[in-house]
Structure formats: structure tokens, C-alpha cells
Amino acid sequence: MTSTLPQTSTLDVAISDGICVVTVDRPEVRNALSADVIADLTAVLDRVGDDDEVSVLVFTGAGDKAFIAGADITQLQHYTPSTALDSAMQRAFDAIEAFPKPTIAAINGFALGGGCELAMACDIRIASERAKLGLPEANLAVLPGAGGTQRLARLVGTGRAIEMILTGRFIDAEEALGIGLVTSVTAPDELMAAAYETAAAIAAKGPLAVRLAKLVVRSGMDADQRTGLVIERLAQAVLYGSEDKAEGTAAFLGKRTAEFAGR
């Protein structure tokens, strides 16, 4: 099934076979994150979060040069301390990280500053061989304030995170893969196919298991292992009593494709 959500001035949003692709559509400014983009992203998350038609969310950027090349500097020059305290961008990326369904960043070019921060908020990051990633905010005498200081360190380790943030250097896709900043690298013309393939593989699984697995991993990362194991057992108890589990096991034993509710 294919459908299209109402479009905004900054995003192109489409749903096909349970996969919602959100494209930041400002190629003339390398898909820079303006206040309007952040507001539109927040609205899309609210719209699709409870939509049973959506199983996986994929983020990418329009054109072949940039995923998202950072914040809109024309707006950044007017930011005040109150802007930082409100932190609409940080809250939007927190919402992506906490989104109940899996999220994938298809990084098709420059992912800098806020673009890198958005990608890090996603569960899976697939990069084109042409991708460049970095947090160059220190060049503007500010720091990565939309989660970058925290998520980068958790993904690549404290030492690498500090080095990247303080130098502001860009890294290519292969280095990003080597340090764990991205999960896979593809040829540029295969990027969206790879993102769709990954999304489709996830969408074919039991929907409740997918949501709970993400929740357990994310929650366990901020807890000690004993607490994480308790969360894991509780989530498994919910799944053992679910219709999804009954259908999944019956389909396996019957050598047929599972037909989960809502699909």
C-alpha cells in the first residue's frame, strides 16, 4: 500500500509498504535545519507515531550532496541564551530517539552539525560512500547542542568524541563505519535501496517485538545490567502473552508467512 502524508514547505513525506520516508527538501541550502524544518519534523513524528500503517521511519536529504549540512546559519546568528534553553532542536531529536518505531538515517552526503546529530538520534545509520560526517560547531564558537556531545560519546567513545568536537574535522564513511558512528556503507546509487531493504526486513517482524526490543535496548543503555535484564524479562513476559507471538510461532510451525495484526 502506498500513501502520501500532507506535504510541508520543508519536507517530503511518503509511506509505502509500511515504510515512511521523510526527506528534508531544501537542496538549495544543503537541507539546512531551520526552525521551520524542526517544527515540520516534530509534526510528522506526532502524525505517524500512532499510525498502524507505519512500521519504520527513514530520514534522508534531497539531492546528492547533503543529508543535512547543519543548522541554518542565517538563523543561528540571531540565537540567544533563551534559544539554547528552549532547545527545540534537541527536543525534536530526543523525540526521534524515543520514537516507538525503528528509525533509519540514509546519509547521502554531508551530515554536519545538526545533521549528524539527527542521524545519531536514529537507531540505524546507513551511509553513502560519499558521506562526510562531523560536528564543526566549535568553528562558530558554539558546541553541538542538539544531543551531539552525549550521543557521539556513547557511540564512539569519549576520547574520539572529544577529538571530533574540539577539532571540528569531518570524517568519511569508512572511518565512520570503523568507529561505529554508522552501521553500514553502500555505493551512492544503492543507498535508498539498502535503507528500504533494511526497513522491509524490520517491517516483516512481529510489530510488538520490534517496538519492545528497541525500548529494552534504549532503556538498558542508561541503566545497570541487572536493571536492564529485569526490563528484558518483563518485555519478554508481555510478548509471551501476545497475539503476535501466537501467530509468529504458528506460522513458523506451519511453514507459512506470518500475518500479524494491523499489517
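My aim in this report is to walk through the structure given alongside it, one point at a time. Remember, it's a predicted structure, so these values are computed and weren't measured experimentally.

Reading the values: rules and limits
- Residues numbered from 1 in each chain as written.
- Predicted model: local features only at pLDDT ≥ 70, side-chain atom pairs only at ≥ 80, totals over all residues.
- Heavy atoms only, no water.
- Core = buried A, V, L, I, M, F, W, Y, C linked by side-chain atoms within 4.5 Å.
- Buried < 20%, exposed > 50% of the residue type's maximum accessible area, 1.4 Å probe, protein only.
- Helix = DSSP H or I, 4+ residues; strand = E, 2+ residues; numbered from the N terminus.
- Contact = heavy atoms within 4.5 Å.
- Pairing = 2+ DSSP bridges.
- Patch = residues over 30% accessible without salt bridge, like charges linked within 9 Å, V, L, I, M, F, W, Y side chains within 5 Å.
- Areas by Shrake-Rupley, 256 points an atom, 1.4 Å probe, with all protein chains shown as cover.
- Salt bridge = Lys/Arg side-chain N within 4 Å of Asp/Glu carboxyl O.
- Lys, Arg positive; Asp, Glu negative; His and termini not counted.
- Charge placed at Lys NZ, Arg CZ, Asp CG, Glu CD.

1. What to know about the nonpolar core
As a rule of thumb, nonpolar side chains are buried together in soluble globular proteins.
Part 1 of the reasoning: Counting residues in hydrophobic clusters, the biggest one holds 48 residues, and the most contacted among them are F59, F93, I107, L133 and L181.
Part 2 of the reasoning: Sort the elements by how many residues they give to this core and helix 1 (residues 35-48) lands first, with six residues.
Part 3 of the reasoning: For L181, the residues in contact, after removing those within four places along its chain, are M120, R125, L133, L152, L155, V156, M164, I171 and A176.
Part 4 of the reasoning: If you look at the next biggest cluster of nonpolar residues, it comprises 14 residues, including V21, A106, A194 and A203.

2. Focus on the pairing of strand 3 (residues 19-24)
Part 1 of the reasoning: Burial analysis of strand 3 places six of its six residues in the buried class, which makes it a mostly covered element.
Part 2 of the reasoning: The side-chain alternation of strand 3 yields two buried faces, one formed by I19, V21 and T23 and the other by C20, V22 and V24.
Part 3 of the reasoning: What sits between strand 2 (residues 11-16) and strand 3 in their antiparallel hairpin is a turn of two residues, with D17 showing a positive phi close to 55°.
Part 4 of the reasoning: Bridge analysis of strand 3 against strand 4 (residues 56-61) gives six bridges, and the strand direction is parallel.

3. A word on the environment of G18
Part 1 of the reasoning: Within the element layout of this structure, G18 appears in the loop between strand 2 and strand 3.
Part 2 of the reasoning: Between the alpha carbons of G18 and G148 there is a distance of 30 Å; along the sequence they are 130 residues apart.
Part 3 of the reasoning: The contact partners of G18, leaving out residues within four places of it in the chain, are E53, V54, S55 and V56.

4. Focus: the sheet that holds strand 9 (residues 132-134)
Part 1 of the reasoning: Across the sheet, four strands lie side by side as 5-7-9-10; this open sheet has mixed pairing. Every interior strand has two partners, whereas the edge strands, strand 5 (66-68) and strand 10 (171-172), have only one.
Part 2 of the reasoning: Pairing of strand 9 with strand 10 involves two bridges; the strand directions are antiparallel. In the sheet register, K132 faces strand 10, and the bridge partner there is D172.

5. Overview of a negative patch on the surface
Part 1 of the reasoning: Residues E129, D172, E174, D189 and E190 make up a contiguous surface patch of negative charge.
Part 2 of the reasoning: A residue is classified by how much of its surface remains accessible, and D189, at 69% relative accessible area, is exposed.

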